[in-house]
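Next come the chains, spelled out residue by residue.
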Amino acid sequence: MTEKLFYTDPKVFEWTTEITGVFEHDDLYYVTLKETAFYPEGGGQPADLGWIGNYEVIDCIKKDEEVFHVLNTKPEEKVVDCKIDHYRRIDHTQHHSGQHLLSAICLDLFGINTLSFHLSNETATIDLDVSSLSDEQLNKIEKVVNDHIVANHKVNVFYINRDEAEKYDIRKIPEGIDRLRIVQIENIEYNACAGTHVNSTSEIGLLKLLKTEKMKGKIRLYFICGLRLLKDYTEKHQLIADLSKLLTTGQDLLLNQVEKLKEANKEKERNYTTLFNQYADLLANQIIKEQGKEKVYQIFQELTIKELGIVSQKLLENEAQLIVLGTKNENKLLITQSGNLSIDCGKIVKEEANKYNGKGGGNAKRAQCSFTNEQSLEQFVLHIKEKINI
Ligand SMILES: [Zn+2]
């Protein structure tokens, strides 16, 4: 059986050992070692990755108390230098110890039990046995957790027999295990856990609560710790600095400035709509002058489908009967009619447009259609003009 260094010393990142076994399955090689510091996935903590000799360890799993290191290539050496990705391990350790502390404080302050813990490269979460958490509660939890991080409580790891468990206030005792590994945060709690942990709470660095989500009537709480928190802060700090530069304003006035811009933009949109309506009036008059009221066909370069709708409405107000308007900007077409014609605009789109890869629909008086390119749009307009008997 492999000696598991991660149980005795979570700070072993490099060591030399012997390969004790290799078996192949589905083009992957499962390697066992005499001693390993590679933590296999378990208890919410992801597996360590790293290198055995020059071979990359792409996963690490535990089966029947044996640790299997997963490699893409079969190692030929007997004695190997091993190295784990120590930033990944430190990140996992900070979050796992952070989770123990966070769960203990949720229980201590508000009597809320933790149901599960999930950790990945992107997120760290606990599911809490409660249907809601107020902002005040979250603020209190975050403050107390960080006070305990700064207090630098020692974290001890020791083993006890199962029948000794009642001497300690352990919330959840794992089933089917006679010898329990206890992770104690001094003055805080005892926890039966096989994961890797910090030596004292200050190594967690800091813990920040990010958000909550409702999950099947319970609360999922997202948090972040230590070096990952620093990375996240650095990215957000840069983002704020970039936004400040872009909007030429101080950080404290950013929100105010964005609100001002949003309001100014709305005002511009309102003005544009007013002006476009006036322009559409003139345009409708001119089109009718050129083409008459019976049938109107026009393809624009720049208009949006919404603007086609306004032009179409103005044409209807000027007693146009059939109106076919397109825009090359969006490769879209709008067909409307006054209601005096016996044609069905929706039916034309449905039955004819697919010949030109057009997709859309509508009702008898109004239908809309999208094309993949402007040639198809133009060909379909020609098709309506020449082949449809309106
Ligand atoms: Zn744990």
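Reading the values: the criteria
- Residues numbered from 1 in each chain as written.
- Predicted model: local features only at pLDDT ≥ 70, side-chain atom pairs only at ≥ 80, totals over all residues.
- Heavy atoms only, no water.
- Helix = DSSP H or I, 4+ residues; strand = E, 2+ residues; numbered from the N terminus.
- Buried < 20%, exposed > 50% of the residue type's maximum accessible area, 1.4 Å probe, protein only.
- Contact = heavy atoms within 4.5 Å.
- Areas by Shrake-Rupley, 256 points an atom, 1.4 Å probe, with all protein chains shown as cover.
- Donors = N, O, S within 2.8 Å, 3.2 Å for Na, K, Ca; no water.
- Pairing = 2+ DSSP bridges.
- Axes fitted to C-alpha atoms, helices over the stretch in contact; angles between N-to-C directions.
- Domains from an automatic or database assignment.
- UniProt positions renumbered as here; feature names shortened; annotations may be inferred.
- Patch = residues over 30% accessible without salt bridge, like charges linked within 9 Å, V, L, I, M, F, W, Y side chains within 5 Å.
- Salt bridge = Lys/Arg side-chain N within 4 Å of Asp/Glu carboxyl O.
- Polar contact = N/O pair within 3.5 Å; in protein donor to acceptor, adjacent residues only side chain to side chain.

## Details of the overall build of the protein chain
For step 1, the next point in the chain: Helix and strand counts for the protein chain stand at eight helices and 20 strands.
For step 2, the next point in the chain: Expressed as a percentage of its 390 residues, the buried residues of the protein chain come to 43%.
For step 3, the next point in the chain: Counting only contacts in the protein chain whose residues sit at least 6 apart along the sequence, the fraction spanning at least 24 positions is 59%.
For step 4, the next point in the chain: Total accessible area on the protein chain stands at roughly 22,100 Å², and carbon and sulfur atoms take up 49% of it.

## As for the coordination of the zinc ion
For step 1, the next point in the chain: Protein coordination of the zinc ion is provided by His96 (NE2), His100 (NE2) and Cys193 (SG), with donor distances spanning 2.1 to 2.3 Å.
For step 2, the next point in the chain: The sequence pattern formed by the donor residues of the zinc ion is H-x3-H-x92-C. A residue pair is termed long-range when its members are at least 10 positions apart, and histidine 100 in helix 2 (residues 86-110) and cysteine 193 in the loop between strand 13 (189-192) and strand 14 (207-215) qualify at 93 residues. Residue histidine 100 shares its accessibility class with cysteine 193, and that shared class is buried.

## So, the sheet that holds strand 5 (residues 50-52)
For step 1, the next point in the chain: Around the barrel, which closes on itself, the six strands sit in the order 2-3-7-6-5-8 with antiparallel pairing between neighbours. The mean inter-strand angle of the sheet, taken between neighbouring strand axes irrespective of direction, is 45°.
For step 2, the next point in the chain: Here strand 3 (residues 28-33) runs beside strand 7 (residues 66-71); their pairing, made up of three bridges, is antiparallel. Within strand 7, the position partnered with valine 31 by the bridge is histidine 69.

## Re the domain arrangement of the protein chain
For step 1, the next point in the chain: Per the domain assignment, the segments making up the protein chain are domain 1 (3-84), domain 2 (90-241) and domain 3 (280-387).
For step 2, the next point in the chain: Just the C-alpha atoms count here: the centres of domain 1 and domain 3 sit 67 Å apart.

## A short note on the UniProt feature "coiled-coil region" (unreviewed entry) in the protein chain
For step 1, the next point in the chain: Per the UniProt record, the feature "coiled-coil region" (unreviewed entry) sits at residues 251-278.
For step 2, the next point in the chain: Span residues 251-278 is 89% helix and 0% strand, its end C-alpha atoms 41 Å apart.

## What to know about the environment of glutamine 375
For step 1, the next point in the chain: Within the secondary structure, glutamine 375 is located in helix 8 (residues 374-387).
For step 2, the next point in the chain: In the structure, glutamine 375 is positioned 19 residues away from tyrosine 356 in sequence and 9.1 Å away in space, judged by C-alpha atoms.

## Details of the sheet that holds strand 17 (residues 322-327)
For step 1, the next point in the chain: Reading across the sheet, the five strands line up as 16-17-18-20-19 and stay open at both edges, with mixed pairing between neighbours. In the strand order of this sheet, the two ends are held by strand 16 (295-300) and strand 19 (359-362), each with one partner. Each adjacent strand pair in this sheet contributes to an overall mean axis angle of 10°, direction not counted.
For step 2, the next point in the chain: Bridging between strand 19 and strand 20 (residues 366-370) involves four bridges; their strand directions are antiparallel. Across the sheet, lysine 359 pairs through a bridge with serine 370, a residue of strand 20.

## Here's the deal with the pairing of strand 18 (residues 332-337)
Across a regular strand the side chains alternate sides, sitting on one face of the sheet and then on the other.
For step 1, the next point in the chain: Taking burial as the measure, the six residues of strand 18 include five buried ones, the bulk of the element.
For step 2, the next point in the chain: With six bridges joining them, strand 17 and strand 18 adopt antiparallel strand pairing. When the sheet's bridge partners are listed, isoleucine 323 is paired in strand 18 with threonine 336.
For step 3, the next point in the chain: The hairpin turn running from strand 17 into strand 18, its antiparallel successor, is four residues long, and asparagine 331 in that turn takes a positive phi close to 50°.
For step 4, the next point in the chain: Two elements, strand 18 and strand 20, share five bridges in a ladder whose sense is antiparallel. Bridge pairing in strand 20 places leucine 333 opposite cysteine 369.

## Some details on the pairing of strand 15 (residues 218-225)
For step 1, the next point in the chain: Burial runs high along strand 15: seven of the eight residues are buried.
For step 2, the next point in the chain: One ladder, built from eight bridges, connects strand 14 with strand 15; its direction is antiparallel. Across the sheet, residue glutamate 213 finds its bridge partner in strand 15, namely arginine 220.
For step 3, the next point in the chain: The loop that links strand 14 with its antiparallel partner strand 15 comprises two residues; one of these, lysine 216, has a positive phi angle of about 50°.

## Concerning a nonpolar patch on the surface
For step 1, the next point in the chain: Residues Leu239, Ile240, Leu243 and Leu246 make up a contiguous nonpolar surface patch of about 370 Å² in total accessible area.
For step 2, the next point in the chain: With respect to the helices, strands and loops of the structure, isoleucine 240 is situated in helix 4 (residues 226-246).
For step 3, the next point in the chain: Of the residues examined, isoleucine 240 reaches a relative accessible area of 31% and is grouped as partly exposed.

## Comments concerning the pattern of salt bridges
For step 1, the next point in the chain: Using the criterion set out here, one finds 21 salt bridges in the structure.
For step 2, the next point in the chain: When the shortest N-O distance is used, the salt bridge between glutamate 352 and lysine 355 registers 2.6 Å.
For step 3, the next point in the chain: Linked through salt bridges whose partners overlap, the residues forming this network are Glu263, Glu267 and Arg270.

## A word on helix 7 (residues 345-352)
For step 1, the next point in the chain: Taken residue by residue, helix 7 has Cys345, Gly346, Ile348, Val349 and Glu352 as its buried positions.
For step 2, the next point in the chain: With a side-chain oxygen positioned 3.0 Å from the backbone nitrogen of glycine 346, the residue opening helix 7 is aspartate 344.

## Some details on unusual backbone geometry
For step 1, the next point in the chain: In this model, aspartate 64 sits at a positive phi of 50°, which is unusual for a non-glycine residue.
For step 2, the next point in the chain: Within the element layout of this structure, aspartate 64 appears in the loop between strand 6 (55-63) and strand 7.
For step 3, the next point in the chain: What makes aspartate 64 exposed here is its relative accessible area of 65%.
For step 4, the next point in the chain: With a phi angle near 70°, asparagine 187 is a residue other than glycine that sits in the positive phi range.
For step 5, the next point in the chain: Structurally, the position occupied by asparagine 187 is in the loop between strand 12 (179-185) and strand 13.

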